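Structural overview
One letter stands for each residue in the lines below.
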Amino acid sequence: MATAPLIELRNISKRFGGVRALDDVSLTLDAARIHCLAGENGSGKSTLIKIVSGVYQPDEGEILIDGKPVGKLDPATSIAHGVQVIYQDFSLFPTLTVVENLALNTFLREGKTRIDWTRARKMARDVLARLDVTLDLDATVETLPAAGRQIVAIARAMLADARLIIMDEPTTTLTGREVERLFRIVRDLQADGIATLFVSHKMREMLEISERLTVFRNGKKVTEGPISDYDERSITRAMTGRDLHQGHFQAPDVSGREPRLELRNVTVGDKAQDINLTLMPGEIVGMSGLIGAGRKAIAQAIFGLRSDMSGEMLVDGKPVMPKNVPEAIAAGIAYVPEDRLSEGLFLTRSIRDNAIVSSLSRFAPHLWLDAEKAGEETHKMFGEMAISAPGIDVPVGTLSGGNAQRVMIGRWLMTDARVLILNGPTVGVDVGSKEQIHGIIQDLTRNNDLAVLMISDDLPELAANCNRVLCMTEGRITGELAGDALTEEALDAALSNEKQGEPA
Amino acid sequence: MRFLRSSDAIILAILAVAMIFIGLVNPAFWQMSNLFSLLKENVVIGIMALGVLLVMISGGIDVSFTAFAVAGMYLVVRSMVALDYNGLVLPFASAIIIGGLLGLMNAGIIHKFKMIPLIVTLGTASVVRGLVLGLVGTSNVNINKMPEALVNFGKTDLFVLERANGSTYGLTAMIVIYLGLAVALHLVLKHTMIGRSVYAYGADPEAAKRVGFSTGKTMIFVYVTAGALAGFAGLLHSSMIWLANPRDFVGLELDVIAAVVLGGASIFGGRGTVLGTVLGVFILVMIQNSLILMGIDTTWQRVVVGAMLVAAVTVTALRDRRALV
Amino acid sequence: MMMSETKTNATSRPGLRGWLKGEAAQTNVMLAVSCVLVLIAMTALRPSMFLSSYNFESMAFFMPELGILSIAMMIAMLTGGIDLSIVGVANLAGITAGTLFGAMAGDGGSGALGLGPVTLGVSAALIVGLLAGLLNGFLISVLKITPILATLGTGQVFIGMCLVLTGGPAIVGFPPGWNAIGNGKLVGIPVPLVIFVLVCIALSLLLARTSFGLRLKLIGTNPKAAVYAGVKRGQMILYSYMLTGMLAAMAGILLSARTNAAKSDYGASYLLQAVLIAVLGGTNPAGGRGNVLGVALALISLTLLSSGFQMMRVSNHLIDFVWGAFLIGVIALNSWRRRKGA
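Rules of the game
- Residues numbered from 1 in each chain as written.
- Chains lettered and ligands numbered in written order.
- Predicted model: local features only at pLDDT ≥ 70, side-chain atom pairs only at ≥ 80, totals over all residues.
- Heavy atoms only, no water.
- Helix = DSSP H or I, 4+ residues; strand = E, 2+ residues; numbered from the N terminus.
- Rg over C-alpha atoms; globule rule 2.2 N^0.38 Å.
- Buried < 20%, exposed > 50% of the residue type's maximum accessible area, 1.4 Å probe, protein only.
- Areas by Shrake-Rupley, 256 points an atom, 1.4 Å probe, with all protein chains shown as cover.
- Lys, Arg positive; Asp, Glu negative; His and termini not counted.
- Charge placed at Lys NZ, Arg CZ, Asp CG, Glu CD.
- Axes fitted to C-alpha atoms, helices over the stretch in contact; angles between N-to-C directions.
- Parallel < 35°, antiparallel > 145°, perpendicular 65-115°, else oblique.
- Left-handed = near helix turned anticlockwise from the far one by under 90°.
- Contact = heavy atoms within 4.5 Å.
- Nonpolar A, V, L, I, M, F, W, Y, C, P; charged D, E, K, R; others polar.
- Salt bridge = Lys/Arg side-chain N within 4 Å of Asp/Glu carboxyl O.
- Buried area = accessible area lost by both parts, 1.4 Å probe.
- Pairing = 2+ DSSP bridges.
- pLDDT = per-residue confidence, 0-100.

1. Topic: the overall build of chain C
When you go through chain C residue by residue, the secondary structure sums to 15 helices and four strands. The C-alpha atoms of chain C give 21 Å as radius of gyration, which agrees with the globular expectation for 342 residues (20 Å, within 12%). The principal-axis extent of the C-alpha atoms belonging to chain C is close to 75 × 55 × 35 Å. Relative to its full complement of 342 residues, chain C shows a buried share of 55%. As presented, chain C carries roughly 13500 Å² of accessible surface, and 69% of it is formed by carbon and sulfur atoms. Treating the 21 positive side-chain charges of chain C as one cloud and the 8 negative ones as another, the clouds have centres 15 Å apart.

Right, dumping it as structure tokens:
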């Protein structure tokens, strides 16, 4: 007898204003299966999570749990049916202890008004034993590393009698070993009859852990099936909607010229060690590696955001050691952060304000802002970056991801940046815009003689846009791929084995 | 020993050092009569501080509680005088209810309009003080008019000692009420879901909502309790000083907030203990009252309190120091 | 969440119509309308008294000190902060000047002090404001203390220093030159009003037309992004509190010059009123938004309102009530508008 699926979504649509976040999507999640939901940022993954967890109500469509329609699903009902979401930020209480974070949830569900501390400790100990991990029960959660916090979040979900645990990008903050532990835990959960929905955009993990795969693109389901039907190529194509890029970025011949950026034996705290790196003008050098491999720390150190860098750094042959961002900018360094919304843009301010902020001293040498000149140059940048917006006075918050990113990059055009560091240059950018942004980056590099350091998790992006790619593992540069050796497969192999690639 | 590493232990150590120091400067500090009067001074500020502690754990700040204390005190005392009523239970219950209802107003505005608590409570404080002074009256109710029951209640001593010259002094029984409330609040915060929900909300309101805490209920609990404590403290104050002054408590907000911060609570929420607050109140009151003993002019009192607040928040800011950017 | 490009079809063209679409402009139009409404209502109720030139003149004398404090508050709020010490700074500035005059005049009384000492007094008061602001800015930007607690504490220290300097009672007997700042007229216009208008013009230019103003607003909009964009956040916040302190000191000069006295607890109700006027004038207490015109219009409408109440013999306490109720009303209205706009 076929049992009804745990959760079935039928023809779900959800609109926000004029944007269709989900468009007629159906999805079936079976009990005790590991399912992977893939898609780029903005493809509707997070909207789907919020619909399953009852945070959003769909505009159209039907939700069935255990084969029965549930009508309007609110968070409490969803939890009562055994749905638990582990968000990227884990939603834990940092100033409370591990015991409290684990037990409060359960007591809350049971409608308790008093707290039975003996029972709380027993519950916490038992569930951590089931997960086969040890944690200090009385430590406050803020003192735990990310992996520890994730364990607490998973344990909390288990205590809630979860039948389905949804994990939103669970591996972003984990090291290789911690990912392995997570996978073991997920398999143990499966043995206990708990289903997992992985929401991710990382190829390797999907192929390793999941049994079924669903891919979203632009709010629509584009493909679904058992994981054995897919390989990386087909997943990428489904996620991005384009075929793999052939060919590489050709860097000009710059032999004999001074390197734009040179790092000699640079160490950044405990994040990165013995980094030696040379960027020539006109080069786009990629940097791949798992999150936590130290890529971001290096980028931040070069940009003056960290105080724990040691070693030598030279820009155009001159030694610089930026203590803060203004010094880095003065040295000709520019940085496009990964999280555009929180670290990059001023959403309620105009395109002009966002564009001129880093070159303000040029428009206002003595306090007084030359609005005319600022407007003119912003217009010029606006044109060069092909931004589509009604004008330079509209707030950046009204722009699409692609246009917002162009403003971010355009900001640095207006400084005399010679080294451009891009962290996740097309995260959250729609497919069409993506290629245009790649084109812009390549043109800028050629025409402005820039040296670009491109950090990305998007392997096709690295393969297509860089003339060479450095691989980082646990704080060290462990390999370099260039020329014909630079392929997605090679990049992926370097990542998945965490082994050293041979310098090309 | 977890306790030894806690901020409560540090505060206790600071208190001990301060007491030894003051005692060395002027041994009169250790006289029983001085210690008793210090404890008496703790009562009203301490009860208000318990309310402020609750608000700060929830991540807010409250500057309206002194106005609520005035409302509770003055409305009740004036009504008692007008009705010639002479009891205890009903008046204190009324003061608590008045404070609680005003607290409910804070909770409603803060929760509904998602506005910064400081600005909301600045507004409600002005509203309440304005109404009390504008509609009810501006004149003091003096000792000769004060209801006898209240005055007698305020005079109750736990025990009385005799000085060498024959005069007597006692330890006020109100300290029992204060410590009883403190213990009760400690138990509620530590052992009930609503108590933990305050910490959870203060630590991360969004996470609290996701886990399923009713954040509206938490806000109501926090601000109603703070208001009720303030109303109660207001009436208790007038019964202890045999006077109901509608302009009382002006500027006391700061002393109370300083005491709570001194006691280790964080304005970012999620942190703070009753024990720490009780100790913080004691340190503040002790230093304020010991300036004379140490031969410092009382005009320096506010400078000292302000400096203590700045010092305490500096220490907590260093403790809670967030990431670089 | 990024909106799609289709949502940006609304044209935003420069010029008056474009300006009218801005949120700040809408607030200002509303405020201007409410000024006129209050004026009409009060005139209808008490025409002879309200419209008297005496009434307007007295408003012109006492409004500027509150106005300057409100602008100071707005500057602190631009970066997402607040300054609860402004009244303390104002009084400390006035008392410092008063103490200085007392020392300079000796036994002869301050009546003989001329322009030189008065200038010295003004400078001393402004320097006090600058130093007070420097202290606040240091605590907030270097030691990273929350503005609320830092300024609550320093406010007490400043008031405490007032008490230490005066011993409690008010300082009286300022020189005539000092009085002229608060009560004099310049070509028929009250001097405080002239000063206020100049401050308004200077500050609105500073906020709207200089890199400093833009940087402050950007810090308030997204402090983290400001650091990533190379804005010297700590330095800018330090400057903004120094400016706030200076403005507060300026208000203190006007207050002591108008009343010919300085005391530690003068103008205590100004703190709430300054917060209210700043918020009513379209300042976002969470940072990033604020303009001088809005604050000035909010000041005028609330001054008209309370002057009208005073004429109707409503007690001062009830006016406090009205101010508080107004603040809450504005909060409710802003929240409603935000929700509608979202």
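2. Let's talk about the environment of Y169(B)
On the secondary structure map, Y169(B) appears in strand β2 (residues 168–172). For the pair Y169(B) and V55(B), spaced 114 residues apart in sequence, the C-alpha separation works out to 36 Å.

3. Focus: the packing of helix α12 (residues 252–262) of chain B against helix α13 (residues 274–293) of chain B
Any two packed helices are characterised by the angle at which their axes cross and by the distance between the axes. All names here are of chain B. At a minimum axis distance of 7 Å, the contact between α12 and α13 shows a crossing angle of 125 degrees. As far as their axial angle goes, α13 and α12 are oblique. Read as a crossing pair, α12 and α13 show a hand that is right-handed. Facing D255, A258, A259, V260 and L262 of α12, the residues of α13 in contact are T277, G280, V281, I283, L284 and Q288. For the contact of α12 with α13, the per-class residue count stands at seven nonpolar, three polar and one charged.

4. A word on the pattern of salt bridges
Residue and element names in this part refer to chain A. Counted under the stated rule, the structure contains 38 salt bridges over all chains. With a closest N to O distance of 3.0 Å, D138 and R121 form a salt bridge. Within this pair, whereas D138 is found in the loop between α4 (117–130) and α5 (146–159), its partner R121 is found in helix α4, the two being separated by 17 residues in sequence. Judged by relative accessible area, D138 falls into the partly exposed class, the value being 27%. It is possible to trace a salt-bridge network through shared partners that takes in R257, R260, D316, R418 and D449.

5. Re the interface of chain B and chain C
Taken together, the contact pairs 41 residues of chain B with 46 residues of chain C. In total, chain B and chain C occlude about 3600 Å² of area from one another, counting both sides; carbon and sulfur atoms represent 80% of this. On inspection of chain B and its partner chain C, the count reaches zero salt bridges. Secondary-structure elements contributing two or more residues to the side of chain B that touches chain C are α5 (89–113), α6 (117–136), α12 and α14 (301–319) of chain B. Looking at which element gives the most residues to the side of chain B that touches chain C, the answer is α6(B), with 13 residues. Classifying every residue of the side of chain B that touches chain C by side-chain character gives 27 nonpolar, nine polar and five charged.

6. A look at the pairing of strand β11 (residues 261–268) of chain A
Residues and elements named next belong to chain A. As judged from the five bridges shared by β11 and strand β12 (residues 272–279), these two strands associate in the antiparallel manner. Note on β12: the bridge partner recorded for L261 is L279. Counting the residues between successive antiparallel strands, the hairpin from β11 to β12 contains three residues, one of them, G269, with a positive phi of roughly 50 degrees. By the bridge criterion, six bridges tie β11 to strand β14 (residues 309–315) in an arrangement that is antiparallel. When the bridges of β14 are listed, R264 appears paired with E312.

7. A few points about the confidence of the model for chain C
Residues and elements named next belong to chain C. Here chain C shows a mean pLDDT of 86. Residues at 70 or above account for 91%. Across chain C, element-level confidence peaks in helix α12 (residues 233–259) with a mean pLDDT of 96 and bottoms out in helix α1 (residues 16–21) with 55. Across residues 1–14 the pLDDT falls below 50, and counting only partners more than four positions away or on other chains, this stretch makes 25 contacts in the model. Two numbers describe this predicted complex: its pTM, 0.86, and its ipTM, 0.84.

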